[in-house]
Amino acid sequence: QVQLVESGGGLVQPGGSLRLSCAASGITFSRYAMGWYRQAPGERELVARITSSGTTVYADSVKDRFSISRDNAKNTVSLQMNNLKPEDTGVYYCNAQWPSIHDYWGQGAQVTVSS
């Protein structure tokens, strides 16, 4: 059974910080690219992604504010979100991908940035 379980979402004021975590099970974690996606109308948009070798990619809107990291020993991936803005609000989904082979999703974590 493959499971991706997110935690760490919640309500934060603009300028604040949150840290999302995703715990994976049922996969050979170190071989997967891991990512965080935010739900938009009709699709999920990439927020950040980290490959099995540690290469990272960020959406332009979050670059220099968010940081993705992974701990292969713990089978977890995290998204540190700093200087949060109202436009960061949304449901964030953890993704595990073995390109062209497998693609798994977590249940989503709500992040609300509001004063």
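Every value quoted in this text rests on a predicted model; they were computed, and no experiment measured them. (Residues numbered from 1 in each chain as written. Predicted model: local features only at pLDDT ≥ 70, side-chain atom pairs only at ≥ 80, totals over all residues. Heavy atoms only, no water.)

Time to look at the nonpolar core. Core analysis: the largest hydrophobic core is formed by 29 residues, its most contacted members being M34, W36, V77, L79, M81 and Y92. Among the elements that line this core, the one with the most residues is strand 3 (residues 18-25), at four residues. Apart from the residues lying within four places of it in its own chain, the contact partners of Y92 are E6, L20, W36, Y37, R38, V47, F66, L79, M81, G108, A109 and V111. (Core = buried A, V, L, I, M, F, W, Y, C linked by side-chain atoms within 4.5 Å. Buried < 20%, exposed > 50% of the residue type's maximum accessible area, 1.4 Å probe, protein only. Helix = DSSP H or I, 4+ residues; strand = E, 2+ residues; numbered from the N terminus. Contact = heavy atoms within 4.5 Å.)

With that settled, consider the side chain of R38. Topologically, R38 is positioned in strand 4 (residues 33-40). At 4.1 Å, D88 is the nearest oppositely charged side chain to R38, a buried residue that forms no salt bridge. Here the side chain of R38 touches Y92 through a polar contact of 2.8 Å, side chain to side chain. Excluding residues within four positions of it along the chain, R38 makes contact with E43, R44, E45, V47, S61, V62, E87, D88, T89, G90, V91 and Y92. (Lys, Arg positive; Asp, Glu negative; His and termini not counted. Salt bridge = Lys/Arg side-chain N within 4 Å of Asp/Glu carboxyl O. Polar contact = N/O pair within 3.5 Å; in protein donor to acceptor, adjacent residues only side chain to side chain.)

Here D64, not a glycine, exhibits a phi torsion of approximately 80°, which is positive. One non-glycine residue, N83, lies in the positive phi region at around 50°. Mapped onto the elements of the fold, N83 is located in the loop between strand 8 (76-81) and strand 9 (90-98).

To continue, consider the sheet that holds strand 7 (residues 66-71). The four strands lie next to each other as 1-3-8-7, forming an open sheet whose pairing is antiparallel. At either margin of the open sheet sits one strand with a lone partner, and together these are strand 1 (3-7) and strand 7. Along the sheet, successive strands turn relative to each other by an average axial angle of 15°, direction set aside. (Pairing = 2+ DSSP bridges. Axes fitted to C-alpha atoms, helices over the stretch in contact; angles between N-to-C directions.)

Attention now goes to the packing of aromatic side chains. Scanning all chains against the criterion turns up three aromatic pairs. Relative to W98, the ring of Y32 has its centre 5.7 Å away and its plane inclined at 70°; by these criteria the two rings are edge-to-face. Placement of the pair is Y32 in the loop between strand 3 and strand 4 and W98 in strand 9, with a sequence separation of 66 residues. Aromatic side chains Y37 and W105 sit 5.1 Å apart centroid to centroid with 70° between the ring planes, which places their arrangement in the edge-to-face category. Note that Y37 is positioned in strand 4 and W105 in strand 10 (residues 102-105), a separation of 68 residues in sequence. Taking relative accessible area as the criterion, Y37 reaches 14% and is therefore assigned buried. Ring pairing ties together the aromatic residues Y32, W98 and Y104, which thus form one cluster. A cation sits over an aromatic face here: R44 above Y93, 3.6 Å from the ring centre. A cation over an aromatic ring shows up here: R44 above the ring of W105, its NZ or CZ 4.8 Å from the ring centre. (Phe/Tyr/Trp six-rings, centres within 6.5 Å; stacked < 30°, edge-to-face > 60°. Lys NZ or Arg CZ within 6 Å of the ring centre and 35° of its normal.)

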